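An overview of the molecular structure
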Amino acid sequence: MASPQKESRNEKTNRISHDEILYISASYFFSKLVVSNIMKAEIITIGDELLIGQVIDTNSAFIATKLNEAGIYVHQITSVSDNREHIIEALGNAAQKADIILITGGLGPTNDDITKLTLCKYFNVGLKFDKEAYKDVEYMFKIRGREVTEVNRKQAELPENSVALRNKNGTAPGMWFDVNGKIYVSMPGVPYEMKALMEDEVIPKLQKQFTLPVIVHRNVLTIGIGESVLAEKIAAWEASLAQDNIKLAYLPSIGMVRLRLSTKGSDRVLLEKTVQKKITELQSLVGEFIFGYENDTLQEIVGKLLKERKQTIATAESCTGGYISHLITSIAGSSDYYVGSVITYSYEIKTLELNVNAEVLNKRGAVSQEVVEQMASEVRKKFKTDYSIAVSGIAGPGGGTPEKPVGTVWIAIATPQRVFSKKFQFANNRMRNIQMTANAALNLLRKEILAAK
C-alpha cells in the first residue's frame, strides 16, 4: 500500500445526469491538451450503497463540475466499499497520480462510518478534539431542540494533522490535509452538506493555495436537429475553432444536442470574447435550432416569454399523463402564467371534459390531427388562456398499429389567432417518448410565442 511519504506527482464515470455528461466532456477536453500547469484531482466516493446500486453517485458529478470550473482537471473517479483496506489502497493509488484527492462518505456517527479512523491510520496520526467543530455540532443539535449525545460529540474528534472545514448543514465537519505537497479533503456523503462545503470552503481554499488557469466553457443548446446532421451543417465552423484553441463537444440528450465550447488561458475577458465571437458565427449557421444557452431549460424559457408578455398557458395531455404540466410547474413563479391542465387519457374524458367530437374520435382515433387540435382549442377556451398545448400519442411499448406505430405523437398549439399541429414519430421507449413529446411541445410553443412578437 502506498504511503504519503512515497507519493509523487505525476476514467471511471457513470452517465447518469446532465452534470456528469459535462464532466466527461471536460475530461476529454483536458486530455487533448498538453498542460503541465494543470492540477490533477481524484475523487473517491465511499459506501457499499454506491457499489450495489442502492444510491446513485451524484456527488462525483457535482465535485467534478466545481473543480473543472476552478481550473482543476479531474483525472479519475473511484468508488470504494466501507472497508478500511480498500479505502487505504484507493488513497495510495490516488496519491501516485493526483495533486488533490477529494473524498466523500463515511463521516457519520455510526459504526459503519469508518473514513475518519481510516484516515488516521493512513497518515499514522491520532485524534484531536476540535473545539470549534464541536460548537457547530452543539448548534446543530440546539436548533433541533436536542442534547448532544456522546456519539455525536465524537464527531468533533478529528485527525491530528487535519484542519476542520465548517459544515453549516450537518454535524460532521469536513477535513483538510496538506501532506507532502498533496491536498486531501474529506467531506460528508450527504449531498447538500458536501455541496455547501465545496462551494464555501474547499474551492476557495484551493484557489488561494494554487495558481490555477482560467477555463471558459460556453454551452449552446439546440433542439429539433440530430447530432450527425448538426455536425454536417457546422463542419467548416468546427474546423475553424482550432485556430483559437477552442475544443467542441457534442452532448446529445433527449431530442436535444448541447454544444460545449471549451478553452483555457490566463485572460478571462479575452477568452470569453473569443468564444462569444464563435458562438455568434454559429448562430448565423443554425440559429433556428438554438433555443438557449448554458443551463437554460425549455420550460424556463417558455415561462420567461409568457411572463414578459403577461400571457397564460393551459395544457391537455393524453400520452404524457401530466409530464408537460410537471415541467412547466417545476419553475418557480409558474403560477403567474400557468393556469391548469386536463389529463384526458380515455375517449370518455376527452369527450366529457374537452367536448372532443365522439364521431371524430371513433373515426380518426385519439392519435390524430383532428382530435389533438380539438383538444388544444377546447382546453384554451375552458381555461380562458392565451395559449394551450395538447398532445396525444402512443407512448408504448404496446398499443401500436401498422398505421400508427409506437412513438406516433400529435402535438397541437392553440393561440388567439390559430390552431396548428404537427405529427412526430419517436421510437419505442415509453419514458423517452414522453420526454421527447414534452420537449417538442414546449419548443413548438416557444417558437410560436417568438413569432407573435
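Now for a look at the structure at hand. Worth saying up front: this structure is predicted, and the values here are computed from it rather than measured. (Residues numbered from 1 in each chain as written. Predicted model: local features only at pLDDT ≥ 70, side-chain atom pairs only at ≥ 80, totals over all residues. Heavy atoms only, no water.)

1. Topic: the overall build of the chain
We apply this condition: A run of H or I in DSSP becomes a helix once it reaches four residues, and a run of E becomes a strand once it reaches two; helices and strands are each numbered from the N terminus. To measure how exposed things are, a 1.4 Å probe is used in the Shrake-Rupley method; for residues, cover is taken only from the protein chains shown. Residues counted as positive are Lys and Arg, residues counted as negative are Asp and Glu, and His and the chain ends are not counted. Charged groups are reduced to one reference atom each: NZ for lysine, CZ for arginine, CG for aspartic acid, CD for glutamic acid.
In terms of helices and strands, the chain carries 17 helices and 17 strands. Along the three orthogonal principal directions, the C-alpha set of the chain runs to about 80 × 60 × 45 Å. In the structure as shown, the chain presents an accessible area of about 21400 Å², 49% of it carried by carbon and sulfur atoms. Counting 55 positive and 51 negative side-chain charges, the chain places the centres of these two groups 4 Å from one another.

2. What about the packing of helix H3 (residues 59-69) against helix H8 (residues 191-209)?
Condition: The axes are straight lines fitted to the C-alpha atoms, using for helices just the contacting stretch, and the angles between their N-to-C directions are given from 0 to 180°. Note on terminology: angles under 35 degrees are roughly parallel, angles over 145 are roughly antiparallel, angles of 65 to 115 are roughly perpendicular, and the others are oblique. With the far helix as reference, a near helix turned anticlockwise by less than a right angle produces a left-handed crossing, and one turned clockwise produces a right-handed crossing. Contact between two residues is taken to exist if any of their heavy atoms lie within 4.5 Å; hydrogens are not considered. Residues were grouped as follows: Ala, Val, Leu, Ile, Met, Phe, Trp, Tyr, Cys and Pro as nonpolar; Asp, Glu, Lys and Arg as charged; and all remaining residues, including Gly, as polar.
One way to put it is that H3 packs onto H8 with a least axis distance of 11 Å and a crossing angle of 20°. As far as their axial angle goes, H8 and H3 are roughly parallel. As H3 packs across H8, the resulting crossing turns out to be right-handed. Facing H3, whose interface residues are Asn59, Phe62, Ile63, Lys66 and Leu67, H8 presents Pro191, Met194, Lys195, Met198, Glu199, Ile203 and Leu206. For the contact of H3 with H8, the per-class residue count stands at eight nonpolar, one polar and three charged.

3. A closer look at the environment of Val55
Applicable threshold: Each residue is placed in one exposure class: buried if its accessible area under a 1.4 Å probe, protein chains only, is under 20% of its type's maximum, exposed if it is over 50%, and partly exposed if it falls in between.
If you trace the backbone, Val55 turns up in the loop between helix H2 (48-51) and H3. For Val55, a relative accessible area of 38% corresponds to the partly exposed category. Here the alpha-carbon distance between Val55 and His86, two residues 31 residues apart in the chain, equals 19 Å. Not counting the four nearest positions on each side in its chain, Val55 is found in contact with Glu49 and Leu50.

4. Quick notes on the pairing of strand S9 (residues 214-223)
Defined as follows: Think of it this way: DSSP has to see at least two bridges between two strands before they count as a pair.
Burial analysis of S9 places nine of its 10 residues in the buried class, the great majority of the element. Bridging between S9 and strand S12 (residues 290-293) involves three bridges; their strand directions are antiparallel. The partner of Thr222 across the bridge, within S12, is Ile290.

5. Quick word on the sheet that holds strand S6 (residues 162-165)
The strand order S2-S1-S3-S8-S7-S6 describes an open sheet built from six strands, whose pairing is mixed. Edge strands, defined here as strands with exactly one partner in the open sheet, are strand S2 (72-80) and S6. Each neighbouring strand pair of the sheet contributes to a mean axis angle of 20°, computed without reference to strand direction. Relative to strand S8 (residues 182-187), strand S3 (residues 100-104) runs parallel, the two sharing five bridges. From the neighbouring strand, Leu102 faces S8, where its bridge partner is Val185. Sheet strands in contact with helix H4 (residues 84-97) are strand S1 (39-46), S2, S3 and S8, and its direction is about 170° off that of S1.

6. With respect to the packing of H4 against helix H5 (residues 115-123)
Where H4 meets H5, the axes come as close as 10 Å, and the angle between the chain directions of the two elements is 55°. Considering their axes alone, H4 and H5 lie oblique with respect to each other. Two packed elements cross with a definite hand, and for H4 against H5 that hand is right-handed. Residue-level inspection shows Arg84, Glu85, Ile87, Ile88, Leu91, Gly92 and Ala95 of H4 in contact with H5, the latter providing Leu117, Thr118, Leu119, Lys121 and Tyr122. The residue makeup of the contact of H4 with H5, split by class, is seven nonpolar, two polar and three charged.

7. Regarding the pattern of salt bridges
What counts is decided by this rule: Any carboxyl oxygen of Asp or Glu within 4 Å of a side-chain nitrogen of Lys or Arg constitutes a salt bridge here.
By the definition in use, this model includes 15 salt bridges. The residue Asp136 makes a salt bridge to Arg166 at a minimum N-O spacing of 2.7 Å. Of the two residues, Asp136 sits in helix H6 (residues 131-142) while Arg166 sits in the loop between S6 and strand S7 (174-179), which places them 30 residues apart along the sequence. Here the salt bridges share partners, and the residues they tie into one network are Lys66, Glu69 and Glu199.

8. Side note on H4
What counts here: The span expected for a helix works out to 1.5 Å for each residue beyond the first. Side-chain atoms alone can form a polar contact between residues adjacent in sequence; in general such a contact is a pair of N or O atoms within 3.5 Å, and within protein one must be able to donate a hydrogen while the other accepts it.
For H4, which comprises 14 residues, the first-to-last C-alpha distance of 21 Å matches the rise-based estimate of 20 Å (1.5 Å per residue) to within 8%. All of the buried residues along H4 are Ile87, Ile88, Ala90, Leu91, Gly92, Ala94 and Ala95. Considering only its buried residues, H4 is in contact with S1, S2, S3, H5 and S8. Residue Asn83 occupies the N-cap position of H4, its side-chain oxygen lying 3.1 Å from the main-chain nitrogen of Glu85.

9. Details of the sheet that holds strand S17 (residues 419-425)
Strands sit in the order S14-S13-S15-S16-S17 across an open sheet of five strands; the sheet is mixed. The open sheet terminates on both sides in strands that have one partner only, identified here as strand S14 (338-343) and S17. Neighbour to neighbour, the strand axes of the sheet diverge by 15° on average, direction disregarded. Bridge count for strand S15 (residues 387-393) against strand S16 (residues 408-414) is six bridges, and the pairing is antiparallel. Opposite Val391, over in S16, you have Ile411 as the bridge partner. In the packing of helix H16 (residues 369-383) onto the sheet, the strands contacted are strand S13 (313-317), S14, S15, S16 and S17, and the crossing angle to S15 comes to about 145°.

10. As for the nonpolar core
The condition is simple: Only buried residues count toward a nonpolar core, which is a set of Ala, Val, Leu, Ile, Met, Phe, Trp, Tyr and Cys residues joined through side-chain atoms within 4.5 Å.
Formed by 34 residues in total, the largest nonpolar core has its most connected members in Ile313, Ile324, Ile389, Ile411, Leu442 and Leu445. Of all elements in the fold, only S9, helix H12 (298-309), helix H13 (323-329), S15, S16, S17 and helix H17 (430-451) reach the threshold of two or more residues within this core. It is H17 that provides the largest number of residues to this core, a total of eight residues. Residues Leu91, Ala98, Leu119 and Val137 belong to the second largest nonpolar core, which totals 28 residues.

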